[in-house]
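# Summary of the model geometry
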Amino acid sequence: MPNELMEKETNLIPDNGDGNAAIGQMIREILSPVLEAMTHFMRNNTEALDRLAAAQKIQTDRMEALEKQIRLNTPITKQQEKYLADAIRTKSRELLSKRRIEDDKAIRKLSGAIRKSVFARYGISSMREIPKHEYQVAMSQISIWNDLMCIRDAVKEARGREETQKNNMDQTKPTASYDGS
């Protein structure tokens, strides 16, 4: 690039034999280091801007990743936690009412099984740890939960308790005597 500028500069000063060529040569010698320095400065600035752009891109990518992590790790609200607990209890009652069971212990047992299923899906130990963006997924998991083995066990235990209570009631009833006394 400095050579191009010097050639253009040479063309600006015509040589008519009266010493202009010497002046042109002196100007070229004076401007040549300046032009080389400017060219070097421009290359350095371009490289610095390229490095700055690359660093800014890295920073932007890291910020996006951090925002994503924050979004993924934000837990559900207390209200959402209550809604999930209500949905679990409602699903338990619904599943047991189909089998004509109204036993509170059976409802608690089935609710615990549903809760355990949700915990296993997310690898957590409490409802509060469910990520906020997974709230709807957890609600749909609860609504479609249908582990027949757990339901069968809860129904079996509830009917066993019911039979036990009936037998206890029958044994405590006073028996009427037929001897007329």
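Up top is the structure.
Only a predicted model underlies this, so the values are computations on that prediction, with no experimental measurement involved.

Criteria and thresholds
- Residues numbered from 1 in each chain as written.
- Predicted model: local features only at pLDDT ≥ 70, side-chain atom pairs only at ≥ 80, totals over all residues.
- Heavy atoms only, no water.
- Helix = DSSP H or I, 4+ residues; strand = E, 2+ residues; numbered from the N terminus.
- Expected span 1.5 Å × (residues − 1).
- Bend = angle between axes of the 7 residues up to and from the residue.
- Buried < 20%, exposed > 50% of the residue type's maximum accessible area, 1.4 Å probe, protein only.
- Arc of directions from axis to C-beta.
- Salt bridge = Lys/Arg side-chain N within 4 Å of Asp/Glu carboxyl O.

## Observations regarding helix H2 (residues 20-73)
Between its first and last C-alpha, H2 extends 77 Å over 54 residues, near the 80 Å set by a 1.5 Å rise per residue. Where H2 bends most, the angle comes to about 35°, and this point is Leu31, followed within four residues by the proline Pro33. Where H2 is concerned, the buried positions are Gly24, Ser32, Leu35 and Thr39.

## A closer look at helix H5 (residues 135-144)
Buried within H5 are the following residues: Tyr135, Ala138, Gln141 and Ile142. Viewed end-on, H5 has its buried residues packed into an arc of 125°, placing them on one side of the element. Turned more than 90 degrees away from the buried face of H5 sit Gln136 and Ile144, all of them exposed.

## Things to note about the pattern of salt bridges
All chains considered together, the criterion is met by seven salt bridges. In this structure, the salt-bridge partner of Arg161 is Asp103, at a minimum N-O distance of 2.3 Å. On the criterion of sequence distance, the pair formed by Arg161 in helix H6 (residues 148-172) and Asp103 in the loop between helix H3 (78-97) and helix H4 (104-122) is long-range, its members being 58 residues apart. Here Asp103 falls in the partly exposed class, since its relative accessible area comes to 21%. Ionic pairing is found between Glu157 and Arg161, a salt bridge with its closest N-O pair at 4.0 Å. Of this pair, Glu157 and Arg161 both sit in helix H6, four residues apart, which is roughly one turn of that helix.

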